Amino acid sequence: MLLCVAMAQAEVLVQEDFNYPLGDDLTGHGWYTQYGEPSGITLTNGLEFTGYIGSGVGNAAIIDCKSGSSQPHLAFKEVSKGTVYAAFLFQPVINYKKGYFFALRDNNKAEFNLNARVLLDADSRIGLAFADNQKAVFTEEALDGQKVYLIVVKYTILEGANNDEVSLFVLEQPATTEPTEPTIRTLVDNSKKDIAPANVQLRGYDADGWLVIDGLRVATTWEEAVAPAVSSDLSDLTDYSQGVDIYTVVGNYIGHFDKAEDATLPAGMYIYKTQSGTHKVIR
């Protein structure tokens, strides 16, 4: 019952795999800028991260431009309560300068309400700020420019004014459930406005930098944001010590089977729950 309720409430707001021609500007593919100009953020080769649904699909966005007015936004359905998770693959190939490159924004175009800002410093340490760069908190260890990370930004909307919370997770392998402790703890800034998230913003801040983002997913639950890779090979599901429970993607329970192959199902996508975890499977 709990699984069904969670799936029914979950909602994927953005699934952006940058599946567009190399070299194209993002503004030609559903992204927009504040003043209708090209963003300067273009497409490069995609990233891979084993076990993540956005791995190896399409291309990727490369942030290698200076800060300016033309920062690309991608709109999604406004969220006014609960939690928003924004997950993306990230490779900080080259970074010489401190700045923020990712944020969430509301629908107020008259104000630049950019919250949950993700930053890098000159030592390639990743950081998080609620809305003020000067109050950013950074990790102690630097990111490796040769590695791909899964970054998850969490924005929690609370009742009242100026009390929303943000936190950040930096993963080197997928986590099907939300870790108990974030990489950067919960931050609050009572001097800054809360937002109802409705946009993702990417921001270039250094023409000499080379930051690659891919597999962007925004959702209202961890499980939908950090979705496991979809598998069509049932041989991957080998842990049947306690059988497998199968659900539809909206959480309707189909039944329990000793083996996944025992289930006769119409073509489609299903949720398979085994002792080792939850899997999305195309039949």
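As the structure is a prediction and not an experimental result, all values here were calculated from the model.

Cut-offs and rules
- Here, residues in each chain are numbered from 1, in the same order as that chain's written sequence.
- Local features are withheld for residues below a pLDDT of 70 in this predicted model, meaning they are given only at 70 or higher, and side-chain atom pairs are given and counted only at 80 or more; totals for whole chains, interfaces and linings count all residues.
- Derived side-chain values reflect all non-hydrogen atoms in the structure, with water molecules and hydrogen atoms excluded from consideration.
- For the exposure calls, accessible area comes from a 1.4 Å probe over protein chains only, and a residue counts as buried if that area is under 20% of its type's maximum, exposed if over 50%, partly exposed in between.
- Helix and strand assignments come from DSSP, with helices taken as H or I runs of at least 4 residues and strands as E runs of at least 2, each series counted from the N terminus.
- Two strands form a pair only when DSSP identifies at least two bridges running between them.
- In protein, a polar contact requires one atom able to donate a hydrogen and another able to accept it; more generally it is a pair of N or O atoms within 3.5 Å, and residues adjacent in sequence count only if both atoms are side-chain atoms.
- Any pair of residues with heavy atoms lying within 4.5 Å of one another is described as a contacting pair.
- Classification of ring pairs uses Phe, Tyr and Trp, with its six-membered ring standing for Trp, and accepts pairs whose centres are within 6.5 Å; under 30 degrees between planes counts as stacked, over 60 as edge-to-face, and the remaining range as tilted.
- By convention a nonpolar core is built from buried Ala, Val, Leu, Ile, Met, Phe, Trp, Tyr and Cys residues, the set being connected through side-chain atoms within 4.5 Å.

It is worth spelling out the pairing of strand 5 (residues 82-94) at this point. Within strand 5, ten of the 13 residues are buried, which leaves it mostly tucked inside the rest of the structure. Relative to strand 10 (residues 149-157), strand 5 runs antiparallel, the two sharing nine bridges. Each residue of the ladder has a partner; that of Phe 90, found in strand 10, is Tyr 149. Of the strand pairs in this sheet, strand 5 and strand 14 (residues 210-219) are connected by eight bridges, and their pairing is antiparallel. Opposite Ala 86, over in strand 14, you have Val 218 as the bridge partner.

A separate point is unusual backbone geometry. A positive phi is found at Phe 18, a non-glycine position, where the angle reads about 55°. Inspection of the secondary structure puts Phe 18 in the loop between strand 1 (12-16) and strand 2 (42-44). Judged by its relative accessible area of 0%, Phe 18 is buried. Even without a glycine there, the phi angle at Asn 162 is positive, about 55°. Inspection of the secondary structure assignment puts Asn 162 in the loop between strand 10 and strand 11 (165-171). Under the relative-accessibility criterion, Asn 162 is labelled partly exposed at 28%.

We now examine the side chain of Asn 199. Here Asn 199 is to be found in strand 13 (residues 199-202). Here Asn 199 falls in the buried class, since its relative accessible area comes to 0%. A polar contact of 3.0 Å, which involves the side chain of Asn 199, links it to the backbone oxygen of Asp 106. Polar contacts involving the side chain of Asn 199 include one to the side chain of Asn 107, which spans 3.3 Å. Beyond its immediate chain neighbours, meaning those up to four positions away, Asn 199 contacts Tyr 32, His 73, Leu 74, Ala 75, Phe 76, Ala 103, Leu 104, Arg 105, Asp 106, Asn 107 and Lys 109.

Take the packing of aromatic side chains next. Counted by the stated rule, this structure contains nine aromatic pairs. Aromatic side chains Phe 88 and Phe 102 sit 4.7 Å apart centroid to centroid with 35° between the ring planes, which places their arrangement in the tilted category. Taken together, the residues Phe 88 in strand 5 and Phe 102 in strand 6 (residues 99-105) connect sequence positions 14 residues apart. No difference in accessibility class separates Phe 88 from Phe 102, as the two residues are buried.

The sheet built from six strands is open, its strands ordered 4-13-6-7-8-9 with antiparallel pairing. Both outer strands of the open sheet, strand 4 (73-75) and strand 9 (137-138), are each paired with one neighbouring strand and no more. In the sheet, strand 4 pairs with strand 13 via three bridges, with the strands oriented antiparallel. Bridging from a neighbouring strand, Leu 74 pairs with Val 200 of strand 13.

Below, the discussion takes up the nonpolar core. The tendency in soluble globular proteins is for nonpolar side chains to be buried as a group. In this structure, Phe 101 and Phe 102 are the most contacted members of the largest nonpolar core, which totals 46 residues. A per-element tally of this core places strand 10 first, with five residues. Those residues in contact with Phe 101, other than ones at most four positions away along the chain, are Ile 63, Phe 88, Phe 90, Val 118, Leu 119, Leu 120, Gln 201, Leu 202, Arg 203, Tyr 205, Leu 211 and Ile 213. Counting 18 residues, the second largest nonpolar core, distinct from the first, contains Tyr 52, Ala 87, Val 152 and Leu 171.

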